[in-house]
Amino acid sequence: MSSTACFVIVSRNDSPIYESEVGTAPKKDEAAHLHQFILHASLDIVQDVVWNTNNMFLKLVDKFNDLLVSVYVTAGHTRLMLLHDSRNEDGIKNFFQEVHELYIKMLLNPLYVPGSRITSPFFDTRVRALARKYL
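Residues numbered from 1 in each chain as written. Predicted model: local features only at pLDDT ≥ 70, side-chain atom pairs only at ≥ 80, totals over all residues. Heavy atoms only, no water.

In the nomenclature of an unreviewed UniProt entry, the protein chain is known as Trafficking protein particle complex subunit 2 of Ceratodon purpureus.

Pasting the structure below:
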């Protein structure tokens, strides 16, 4: 069974700082652009929802055909966004919590400038391993 999943970390000023296709479905270039478009279009909905709840995990915030958008918002208003086609809410929540912990470790790195693109191969490898584990 193949699944579609696209993971993006968006900084508080709406610029993507990390992007990854973490699904098991075959990757297509036009699908990658569509996934980016869907995730960035849902930023407005996230902006509205985040002020109406105290939870960091916003669950399902948007839907496009059979693709779902789940979001986790950090205390610093960085958005961890996942575009997926499965309804594994517990796995998605655990994925977000562990990626958030990994992101905090990245922020503690004195060589990382907050808000800049995350280019660490270690970070990318860990995110992909967490996606295989939970999604």
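**Student:** Explain the overall build of the protein chain to me, using residue names and the numbers behind them.
**Tutor:** Tallying secondary structure elements over the protein chain gives four helices and five strands in all. For the protein chain, the sequential pattern of α-helices and β-strands runs β-β-α-α-β-β-β-α-α. Taken over the C-alpha trace, the protein chain has a radius of gyration of 14 Å; the compact-globule value for 135 residues is 14 Å, and the two agree within 12%. In terms of overall dimensions, the protein chain has C-alpha extents of about 40 × 35 × 25 Å along its principal axes. Per-residue burial over the protein chain gives 41% buried out of 135 residues. In the protein chain, of all internal contacts separated by at least 6 residues, the share reaching a separation of at least 24 is 55%. For the protein chain, the accessible surface area stands at approximately 7800 Å², while carbon and sulfur atoms represent 53% of it. Here the protein chain carries 14 positive and 15 negative side-chain charges, and the mean point of each set is 6 Å from the other. (Helix = DSSP H or I, 4+ residues; strand = E, 2+ residues; numbered from the N terminus. Rg over C-alpha atoms; globule rule 2.2 N^0.38 Å. Buried < 20%, exposed > 50% of the residue type's maximum accessible area, 1.4 Å probe, protein only. Contact = heavy atoms within 4.5 Å. Areas by Shrake-Rupley, 256 points an atom, 1.4 Å probe, with all protein chains shown as cover. Lys, Arg positive; Asp, Glu negative; His and termini not counted. Charge placed at Lys NZ, Arg CZ, Asp CG, Glu CD.)

**Student:** Can you break down the nonpolar core residue by residue, with the values?
**Tutor:** Counting 24 residues, the largest nonpolar core has Phe-7, Ile-9, Phe-95, Phe-96, Ile-118 and Val-127 as its most contacted members. If you list the elements that add at least two residues to this core, you get β1 (5-10), β2 (16-21), β5 (79-84), α3 (89-107) and α4 (121-134). If we skip the residues at most four places from it in the chain, Ile-118 touches Ile-9, Ile-17, Tyr-18, Tyr-103, Met-106, Tyr-112 and Phe-123. Counting residues in each nonpolar core, the second largest holds 16 residues, with Ile-38, Leu-58, Val-73 and Leu-83 among its members. (Core = buried A, V, L, I, M, F, W, Y, C linked by side-chain atoms within 4.5 Å.)

**Student:** Lay out a nonpolar patch on the surface in plain terms, naming residues and giving numbers.
**Tutor:** A contiguous nonpolar surface patch, about 300 Å² in accessible area, is contributed by Leu-34, Phe-37 and Phe-64. Here Phe-37 shows up in helix α1 (residues 29-41). (Patch = residues over 30% accessible without salt bridge, like charges linked within 9 Å, V, L, I, M, F, W, Y side chains within 5 Å. Salt bridge = Lys/Arg side-chain N within 4 Å of Asp/Glu carboxyl O.)

**Student:** Explain the pattern of salt bridges residue by residue, including any values.
**Tutor:** For side chains bearing opposite charge, pairing can occur when the charged atoms are close. Taken as a whole and assessed by the stated rule, the structure comprises five salt bridges. Here Asp-14 ties to Arg-79 by a salt bridge, and the two come within 2.6 Å at their closest N and O atoms. One end of the pair, Asp-14, is in the loop between β1 and β2; the other, Arg-79, is in strand β5, with 65 residues separating them in the sequence. Note that Arg-128 and Asp-124 form a salt bridge whose closest N and O atoms lie 3.1 Å from each other. On the criterion of helical spacing, the pair formed by Arg-128 and Asp-124 is a turn pair, its members being four residues apart in helix α4. On the accessibility criterion, Arg-128 (30% relative accessible area) is partly exposed.

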